[in-house]
Amino acid sequence: MQRINWTRLRDILIVIICIGIVLWATFSLLGLVVHAVVLLLLAMAVAFLVTPVVNLLNRYLPRALSAIIVYLMILAGLGILCYALVFSLIQQIVYFSNNLPGYVLNLPTTYSTVLNWLIKQGVPPTAIDKALATISDQSNAFVVSVATNLVSIVLIVTNAIINILLVAVISFYLTVDGKRVRDALVGLSPKAAMEHVLRFEDALNRVVGNYIRGQLTLAAIIGIMAGLGCFFLGLSNFALIVGVLALLFETIPMVGPTLASIPAILISLLLPDPFPRTYEILIYFLVVQMIENNILGPRILGHAVGLHPVASILALIIGAQLFGPFGALLATPVLAAVWVVIASIYN
């Protein structure tokens, strides 16, 4: 009978306990500085995107001037997009203000049409009355909450603007001095391990770069699909707004099209003759959501970082369950980076 090596077993248990303590302490510290970490990661992503263009201009101009030119071009592009959105929004406000009396006059007709349709579908009138009472109570509670939390909303908007400015400033400094920071970090490695460090850095750069480009490509595709769908389904005046919202919402993986469908459905309900247009929009966005979840997302992001689509889906689900939308956003690149580390160690 083989004897148990109690000393070795004790050492293994001590190592496991120490690893658990280190992980617990790490997560506790990250919880305290998670806001700063998020801003730093976003700034690194922006710097990673603009660095190739800055490097191209740096052949002919000083690096700081190249970075300033690139950031001014980005600001100009964002300004043009914001102008187009504001112009479109003003047009829709004017449109609604001109047609609001007609909407108010048509409300009884619309209400009776929807009510008769629900009754024909077999929905009891008592259930309809309860649903309307619930909607009314929730609407009143929402209005009261907005009124009482107006100061908090202003603070949230101000905080978001400050965060955007911080990300822009940090990313600018990373773009200008990123090479020196990288050289300093790589210089800390022993010369014997320099080849492995450079190989690992190259693999990690490819993973991160491909993921960012893949995420932007996916967001652009979903934004175009949402805008085209609204254009051809009777919301042509609102296609640009819905498309941009879909592009922004796609930064939250797996639920971007669903979030983008909410304003489209609400706008459709406010316009004359909402049915069957609203049903068509709802079905269209459900189809877009299924295409994004099962085809585009796993293939674009999975292939971009070198992961199987099943691994990408599982990473998204686990990240969303553990850390919410931000966890879902970072789950795939983190898993890919871990895979690069494991492959580098193994090789």
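What counts, and where the lines are drawn
Residues numbered from 1 in each chain as written. Predicted model: local features only at pLDDT ≥ 70, side-chain atom pairs only at ≥ 80, totals over all residues. Heavy atoms only, no water. Helix = DSSP H or I, 4+ residues; strand = E, 2+ residues; numbered from the N terminus. Buried < 20%, exposed > 50% of the residue type's maximum accessible area, 1.4 Å probe, protein only. Contact = heavy atoms within 4.5 Å. Areas by Shrake-Rupley, 256 points an atom, 1.4 Å probe, with all protein chains shown as cover. Patch = residues over 30% accessible without salt bridge, like charges linked within 9 Å, V, L, I, M, F, W, Y side chains within 5 Å. Salt bridge = Lys/Arg side-chain N within 4 Å of Asp/Glu carboxyl O. Axes fitted to C-alpha atoms, helices over the stretch in contact; angles between N-to-C directions. Parallel < 35°, antiparallel > 145°, perpendicular 65-115°, else oblique. Left-handed = near helix turned anticlockwise from the far one by under 90°. Nonpolar A, V, L, I, M, F, W, Y, C, P; charged D, E, K, R; others polar. Core = buried A, V, L, I, M, F, W, Y, C linked by side-chain atoms within 4.5 Å. Expected span 1.5 Å × (residues − 1). Phe/Tyr/Trp six-rings, centres within 6.5 Å; stacked < 30°, edge-to-face > 60°.

**What about the overall build of the chain?**
Step number 1: Within the chain one finds 10 helices and 0 strands.
Step number 2: Across the chain, helices and strands are ordered from the amino to the carboxyl terminus as α-α-α-α-α-α-α-α-α-α.
Step number 3: Taking all 347 residues of the chain together, 25% fall into the buried category.
Step number 4: The contacts in the chain between residues at least 6 apart in sequence include a share of 67% that link residues at least 24 apart.
Step number 5: Summed over all atoms, the accessible surface of the chain reaches about 23,000 Å², with 76% contributed by carbon and sulfur.

**Section: a nonpolar patch on the surface**
Step number 1: On the surface, a nonpolar cluster with roughly 810 Å² of combined accessible area is contributed by Trp117, Ile262, Leu266, Leu269, Phe275, Tyr279, Ile283, Val287 and Met290.
Step number 2: Only α8 (256–270) and α9 (277–305) provide two or more residues apiece to the nonpolar patch.
Step number 3: At 4 residues, α9 tops the list of elements feeding residues into the nonpolar patch.
Step number 4: We classify Trp117 as partly exposed; its relative accessible area is 38%.

**As for the packing of helix α6 (residues 194–232) against helix α7 (residues 239–249)**
Step number 1: Put simply, α6 and α7 touch, their axes get as near as 7 Å, and they point 155° apart. It follows from the interaxial angle that α6 and α7 lie roughly antiparallel. Crossing angle aside, the handedness with which α6 passes α7 is right-handed. Counted together, Ala219, Ala220, Ile222, Gly223, Ala226, Gly227, Cys230 and Phe231 of α6 and Ala239, Val242, Gly243, Ala246 and Leu247 of α7 form the full contact between these two elements.
Step number 2: For the contact of α6 with α7, the class distribution of residues is 10 nonpolar, 3 polar and no charged.

**Focus: the nonpolar core**
Step number 1: Ile222, Cys230, Leu235, Val242, Ala264, Ile281 and Phe285 are the most contacted members of the largest nonpolar core, which has 19 residues in total.
Step number 2: For this core, the secondary structure elements donating two or more residues are α6, α7, α8 and α9.
Step number 3: No other element matches the 5 residues that α6 contributes to this core.
Step number 4: When near neighbours in sequence (up to four residues on either side) are disregarded, Ile222 contacts Ala246, Glu250, Pro257, Val288, Glu292 and Leu296.
Step number 5: Of all hydrophobic cores here, the second largest spans 6 residues; its members include Val50, Val54, Ala67 and Val176.

**As for α8**
Step number 1: Across its 15 residues, α8 extends 23 Å between first and last C-alpha, which sits within 8% of the 21 Å expected from 1.5 Å per residue.
Step number 2: Taken residue by residue, α8 has Gly256, Pro257, Ala260, Ser261, Ala264, Ile265, Ile267 and Ser268 as its buried positions.

**Considering the packing of aromatic side chains**
Step number 1: The final tally for this structure, using the stated rule, is 4 aromatic pairs.
Step number 2: Look at Phe172 and Tyr173: their rings are 6.0 Å apart centre to centre, the planes differ by 75°, and that puts the pair in the edge-to-face class.
Step number 3: Note on Tyr173: relative accessible area 54%, which makes it exposed.
Step number 4: With a centroid separation of 5.8 Å and an interplanar angle of 85°, the aromatic rings of Tyr284 and Phe285 are classed as edge-to-face.
Step number 5: Owing to a relative accessible area of 25%, Tyr284 belongs among the partly exposed residues under this scheme.
Step number 6: Under the relative-accessibility criterion, Phe285 is labelled buried at 4%.
Step number 7: By the ring-pair criterion, three or more aromatic residues cluster together here, those being Tyr71, Phe172 and Tyr173.

**Focus on the environment of Leu228**
Step number 1: Checked against the element boundaries, Leu228 lands in helix α6.
Step number 2: According to the relative accessible area criterion, Leu228 is partly exposed, its value standing at 46%.

**Digging into the side chain of Ser66**
Step number 1: Mapped onto the secondary structure, Ser66 falls in helix α3 (residues 63–120).
Step number 2: Judged by relative accessible area, Ser66 falls into the buried class, the value being 0%.
Step number 3: With sequence-adjacent residues up to four places away left out, Ser66 is seen in contact with Val54, Leu57, Asn58 and Leu61.

**Let's talk about the packing of α7 against α8**
Step number 1: Between α7 and α8, the least distance of the axes is 8 Å, while the angle of their chain directions is 150°. Classed by the angle they form, the pair α7 and α8 counts as roughly antiparallel. You can see that α7 and α8 cross each other, and the crossing is right-handed. Along the contact surface, α7 presents Val242, Leu245, Ala246 and Phe249, while α8 presents Gly256, Leu259, Ala260, Pro263 and Ala264.
Step number 2: Broken down by class, the residue content of the contact of α7 with α8 amounts to 8 nonpolar, 1 polar and no charged.

**Notes on α6**
Step number 1: In this model α6 runs 57 Å from its N-terminal to its C-terminal C-alpha over 39 residues, within 8% of the 57 Å that 1.5 Å per residue would give.
Step number 2: Following α6 by one or two positions, Gly234 adopts a phi angle in the positive range, close to 105°.

Read these as layout, nothing more, since geometry by itself doesn't imply function.
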